[in-house]
Amino acid sequence: MTNQKKFYLSTPIYYVNDVPHIGHAYTTLACDVLARYKRSRGYEVFFLTGTDEHGQKVEKAAQAKGETPLDLADRVVKRFQSLWDKLNISHTDFIRTSQERHKLAVQHLFRTIEEKDDIYLGEYEDWYCTPCETFWTETQLMDGNCPDCGRPTDKLKEESYFFRMSKYQQQLLDHIDAHPDFIQPKSRRNEILSFVREGLRDLSISRTSFSWGIPVPGNDKHVLYVWFDALTNYISALGFPDDDENRYASFWPCNVHVIGKDILRFHAVYWPTFLLAAGLPLPQKIFAHGWWTVEGQKMSKSLANVVEPNRLIDKYGADAVRYFLLREVPFGLDGDFSHSALVHRINSDLANDLGNLVSRSTAMLSKYFKGVLPEPGPAEEIDTVLIEKFSTVLSELDQHMENLAFNRALQSIWSMVSAANKYIDDTAPWGLAKDPSQEQRLGTVMYNLLELVRLISLMVSPFMPETGVKIRTILGLDPEDATMDGHDQWGSLLAGQKIAKAEPIFPRIEKE
Ligand code: MSP
């Protein structure tokens, strides 16, 4: 095992009965940004995503199409994987719950908990919402319908294995109390605290009503409940329990599970109590982000307003989509997607602010110094202020990334971009260029600008990897090297460096 700092983060695993839309892309994207940032800070990152393939919904959908559930899953999985490629997602592993490695881990977890006497055979009777794969008590129903999606529920009675979740109520409360960052944002933590305080019931963790799932060890009349199965992906992908590659030992407990707010209870109540029962460490943090609506409405197939990320990427490029989704809305709050907001962000933040900074700086360097970076002369106050601003932005960035406050991280970076653009206006290099006695001063201004462009290329790289590569290519640096550790101090760009004149990196979009 190396001594390198480790960071493990995960997306939820996506159901294969739906094709990917911007909601799924959002969770995955946020994780990718964090993964890239941590890598740039010298961490060895394990970034997990994958697909949740079992359950009645997939079984029914496959039946309706006359194919096997696995054939259906194989088809849909490809759509997720090709979208992640197109969005430049840099995951380390892709777990599918239909894989053998996963089945072994799930069955092992079941047996471990059973041996502790925390699983028993009983009879289950409750209201089941098939689309949500969730059981509800009579009192939780809204006019007889599922309180989450509003669709009708069915009364189900069947033999079932139960997990003694009730036994872990106090232990879970104590853990949440002792670890203020365990569930974030804070409003979500409070929501879970009051849910748990109301009392935990034992949880039915097996079904006999369908067969597309992982059999209960020793009783294959039953398959495991999809959430018992799905949640275990976070350790099965690490090689639990055999751990031949030492991944589980190196990376568990995970640093953060990033999820949407709709699946918080499963992650913040069910999963920790399974782990407590099995005597395994709990994840360090669970962060629940908000939901996207589209032009003010809930995304749904029936409204035909589902935003297809592939089309957006084809039209605007992966970086613009990545930037928009993380800049527009504070992570943790709900947001609304609109094409006009996206176009506005591209034109103002990307084409105007960042794009202009890069093209103005490189065009002036080419004009005044034939594209060769001069040695900087003595710093004036305006230069010192700019350099201090950079170190403030750098520490803000660190802090915001720590808090998964992606929009604030981008705001900080953009405050640097604006300061750099203002520096151009204030120092007016075109005026200095007219006066031969100001050549050294002009050189200092150009050096500072290009050095900032380099540093900005590193800061934006986790969010917009293609843009980082483009800028570093223009600067004549190693385009793929986005490492911040050791490269984020002022003055690393060397005089004499040959820098190309940039083509616009973000063309303006005409409003339709
Ligand atoms: N399979 C379960 C997760 C199991 S994790 C052990 C699941 N899958 S899902 O495909 O339905 O959803 C995956 C993620 O997409 C969730 O985090 C969910 O919040 C997110 N989103 C789905 N629609 C969304 C929006 N409209 N907006 C933002 N995120 C949304 O749940």
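Cut-off values and rules
- Residues numbered from 1 in each chain as written.
- Predicted model: local features only at pLDDT ≥ 70, side-chain atom pairs only at ≥ 80, totals over all residues.
- Heavy atoms only, no water.
- Near = heavy atom within 4 Å.
- Polar contact = N/O pair within 3.5 Å; in protein donor to acceptor, adjacent residues only side chain to side chain.
- Areas by Shrake-Rupley, 256 points an atom, 1.4 Å probe, with all protein chains shown as cover.
- Helix = DSSP H or I, 4+ residues; strand = E, 2+ residues; numbered from the N terminus.
- Buried < 20%, exposed > 50% of the residue type's maximum accessible area, 1.4 Å probe, protein only.
- Pairing = 2+ DSSP bridges.
- Right-handed = clockwise from strand over helix to strand, strands pointing away.
- Phe/Tyr/Trp six-rings, centres within 6.5 Å; stacked < 30°, edge-to-face > 60°.
- Lys NZ or Arg CZ within 6 Å of the ring centre and 35° of its normal.
- Contact = heavy atoms within 4.5 Å.
- Axes fitted to C-alpha atoms, helices over the stretch in contact; angles between N-to-C directions.
- Salt bridge = Lys/Arg side-chain N within 4 Å of Asp/Glu carboxyl O.
- Core = buried A, V, L, I, M, F, W, Y, C linked by side-chain atoms within 4.5 Å.
- Parallel < 35°, antiparallel > 145°, perpendicular 65-115°, else oblique.
- Left-handed = near helix turned anticlockwise from the far one by under 90°.
- Nonpolar A, V, L, I, M, F, W, Y, C, P; charged D, E, K, R; others polar.
- Expected span 1.5 Å × (residues − 1).

**Brief notes about the site of the ligand**
Right, so step 1: With respect to spatial proximity, 24 residues lie near the ligand, and among them Ile13, Asp52, Gly260, Asp262 and Trp292 are the closest.
Right, so step 2: Asp52 is positioned with one of its side-chain polar atoms (N or O) 2.7 Å from a nitrogen atom of the ligand.
Right, so step 3: Contact with the protein chains removes 94% of the 670 Å² of surface that the ligand exposes when unbound.
Right, so step 4: Looking at the shell around the ligand, the elements that each hand over two or more residues are β1 (6-15), α1 (22-40), α7 (226-231), α8 (233-236) and β12 (256-260).
Right, so step 5: Looking at the shell around the ligand, the element that brings in the most residues is β1, giving 4 residues.

**A word on the pairing of strand β2 (residues 44-52)**
Right, so step 1: For β2, the buried fraction is high: 8 of the 9 residues fall into the buried class.
Right, so step 2: When β1 meets β2, the two strands line up parallel, connected through 8 bridges. Within the sheet, the bridge partner assigned to Tyr14 lies in β2 and is Thr51.
Right, so step 3: In this fold, β1 hands off to α1, which returns the chain to β2; that crossover is right-handed.
Right, so step 4: Where β2 and strand β3 (residues 93-96) come together, 4 bridges link them in parallel fashion. Looking at the pairing, Thr51 lines up with Arg96 of β3.

**Observations concerning the packing of aromatic side chains**
Right, so step 1: The tally for this structure, following the rule as stated, stands at 27 aromatic pairs.
Right, so step 2: Measuring from ring centre to ring centre gives 5.3 Å for Tyr8 and Phe46, while their planes differ by 75°; the resulting arrangement is edge-to-face. Of this pair, Tyr8 sits in strand β1 while Phe46 sits in strand β2; the two residues are 38 residues apart in sequence, bridging distant segments of the chain.
Right, so step 3: Overall, the relative accessible area of 0% leaves Tyr8 in the buried class.
Right, so step 4: Members of the aromatic cluster, joined through ring pairs, are Tyr26, Phe287, Trp292, Phe324, Phe331, Phe337 and Phe406.
Right, so step 5: Seen from the ring of Tyr43, Lys38 lies directly overhead, with NZ or CZ sitting 4.7 Å from the centre.

**Focus: the sheet that holds strand β5 (residues 134-136)**
Right, so step 1: Overall, antiparallel pairing links the 4 strands, which are arranged β5-β4-β6-β8 in an open sheet. Edge strands, defined here as strands with exactly one partner in the open sheet, are β5 and β8 (203-204).
Right, so step 2: Where strand β4 (residues 119-129) and β5 come together, 3 bridges link them in antiparallel fashion. Looking at β5, one finds that Trp127 is bridged to Trp136.
Right, so step 3: On the sheet, helix α10 (residues 264-278) packs against β5, β6 (154-163) and β8 and is oriented at approximately 35° with respect to β6.

**Description of unusual backbone geometry**
Right, so step 1: Cis rather than trans, the peptide bond between Gln184 and Pro185 has omega equal to -5°.
Right, so step 2: Position of Pro185 among the secondary structure elements: in the loop between β7 (183-184) and α6 (186-197).
Right, so step 3: In the segment running from Trp252 into Pro253, the intervening peptide bond is cis, with an omega of 5°.
Right, so step 4: Within the secondary structure, Pro253 is located in the loop between α9 (247-251) and β12.
Right, so step 5: Despite not being glycine, Asn88 shows a phi value in the positive range, around 60°.

**Details of the pattern of salt bridges**
Right, so step 1: Summed over the entire model, instances satisfying the criterion amount to 25 salt bridges.
Right, so step 2: Here Arg101 makes a salt bridge to Asp93, at a shortest N to O gap of 2.9 Å.
Right, so step 3: Residues Arg441 and Asp383 are paired through a salt bridge, measuring 2.7 Å at the closest nitrogen-oxygen approach. Separated by 58 residues along the polypeptide, Arg441 in helix α17 (residues 439-460) and Asp383 in helix α14 (residues 381-402) bring together distant segments of the chain.
Right, so step 4: You can call Asp383 buried: its relative accessible area is 0%.
Right, so step 5: Ionic contacts of the salt-bridge type, sharing partners, join the residues Arg41, Asp398, Asp485 and Asp488 into one network.

**Considerations on the sheet that holds strand β10 (residues 215-216)**
Right, so step 1: The 3 strands lie next to each other as β9-β11-β10, forming an open sheet whose pairing is antiparallel. At either margin of the open sheet sits one strand with a lone partner, and together these are β9 (206-207) and β10.
Right, so step 2: Here β9 runs beside strand β11 (residues 219-224); their pairing, made up of 2 bridges, is antiparallel. The partner of Ser206 across the bridge, within β11, is Leu224.

**Section: the nonpolar core**
Right, so step 1: In this structure, Phe337, Phe406, Trp414, Met459 and Phe463 are the most contacted members of the largest nonpolar core, which totals 104 residues.
Right, so step 2: In terms of residue count, the dominant contributor to this core is α17 (13 residues).
Right, so step 3: Discounting residues that sit within four places of it in the chain, Phe463 has contacts with Val33, Arg322, Leu326, Met401, Phe406, Ala409, Leu410 and Ile413.
Right, so step 4: Formed by 61 residues, the second largest nonpolar core is a distinct cluster that contains Val196, Leu200, Val226 and Phe251.

**A closer look at the packing of helix α5 (residues 169-178) against α6**
Right, so step 1: Contact geometry of α5 with α6 gives a least axis separation of 10 Å together with a crossing angle of 155°. As judged from the angle between their axes, α5 and α6 are roughly antiparallel. Here the hand of the crossing between α5 and α6 comes out left-handed. Residue-level contacts link Gln169, Leu172, Leu173, Ile176 and Asp177 of α5 to Arg189, Ile192, Leu193, Val196 and Arg197 of α6.
Right, so step 2: Per-class residue counts for the contact of α5 with α6 are 6 nonpolar, 1 polar and 3 charged.

**Structural notes on α6**
Right, so step 1: Counted at 1.5 Å a residue, the expected span for α6 with its 12 residues is 16 Å, and the 16 Å between its end C-alpha atoms agrees.
Right, so step 2: Next to the buried residues of α6 lie α5, β7, α10 and β13 (286-289).
Right, so step 3: Within two residues after α6, Gly199 carries a phi angle of roughly 115°, on the positive side.

**Considering the environment of Leu312**
Right, so step 1: Note on placement: Leu312 falls in helix α11 (residues 309-316).
Right, so step 2: Considered as a pair, Leu312 and Asp229 are 83 residues apart in the sequence and their alpha carbons are 33 Å apart.
Right, so step 3: Apart from residues lying up to four places away in sequence, Leu312 is in contact with Ile22, Val307, Gly317, Val321, Phe337, His339 and Leu342.

**Here we look at the packing of helix α15 (residues 406-427) against α17**
Right, so step 1: It is the contact of α15 with α17, at a shortest axis distance of 11 Å, that shows an interaxial angle of 165°. In terms of orientation, α15 lies roughly antiparallel with respect to α17. Crossing angle aside, the handedness with which α15 passes α17 is left-handed. Mapping the contact onto sequence places Ile413, Trp414, Met416, Val417, Ala420, Tyr423, Ile424 and Thr427 in α15 and Arg441, Thr444, Val445, Asn448, Leu449, Leu452, Ile456, Met459 and Val460 in α17.
Right, so step 2: For the contact of α15 with α17, a count of residues per class yields 13 nonpolar, 3 polar and 1 charged.

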